[in-house]
Amino acid sequence: MEDQIQEMYGEITEYENLRDGKVRITIDRLSELPIALIKARISAGMTQGELADTIGIKEQQIQRYEANHYQAVGFDRLLEIAKILSIELVDEVVLQPSR
């Protein structure tokens, strides 16, 4: 139980730091993008409703996107959200076919 309490305090602290813009959000893998989008929205001080309004969709859709970690979202929509949240790609990604 103590471990869970400490974990919750850590999550609360992370949220407060994100909300206050004290965290630099970086990702090493494309699989980390969904969580980065959620953190970037919080860091930008945007509610789910405000992000939805900016895109022109209902707030419930953003809620579903985030609840499902953007699993069923098209690439164009991901790029649109990343742009709205001022997410920059700082390194180029090199894709190599598997052999």
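Colleague: What is the right way to read the overall build of the chain from this model?
Modeller: Regarding its fold elements, the chain presents five helices and zero strands. Listing the helices and strands of the chain from first to last along the sequence gives α-α-α-α-α. Every one of the 99 residues in the chain was classed for burial, and the buried ones make up 25%. For the chain, long-range pairs separated by at least 24 residues make up 47% of all intrachain contacts whose partners lie at least 6 apart in sequence. By element, 49% of the accessible surface of the chain is carried by carbon and sulfur atoms, the whole surface being about 7,900 Å².

Colleague: Is there a simple way to explain the side chain of Glu66 in this structure?
Modeller: Examined against the element boundaries, Glu66 turns out to sit in helix 4 (residues 59-67). Only 2.6 Å separates the side chain of Glu66 from the side chain of Arg41, close enough to count as a polar contact. Ignoring sequence-local partners within four residues, the contact set of Glu66 consists of Ile38, Arg41 and Gln48.

What counts and how
- Residues numbered from 1 in each chain as written.
- Predicted model: local features only at pLDDT ≥ 70, side-chain atom pairs only at ≥ 80, totals over all residues.
- Heavy atoms only, no water.
- Helix = DSSP H or I, 4+ residues; strand = E, 2+ residues; numbered from the N terminus.
- Buried < 20%, exposed > 50% of the residue type's maximum accessible area, 1.4 Å probe, protein only.
- Contact = heavy atoms within 4.5 Å.
- Areas by Shrake-Rupley, 256 points an atom, 1.4 Å probe, with all protein chains shown as cover.
- Polar contact = N/O pair within 3.5 Å; in protein donor to acceptor, adjacent residues only side chain to side chain.

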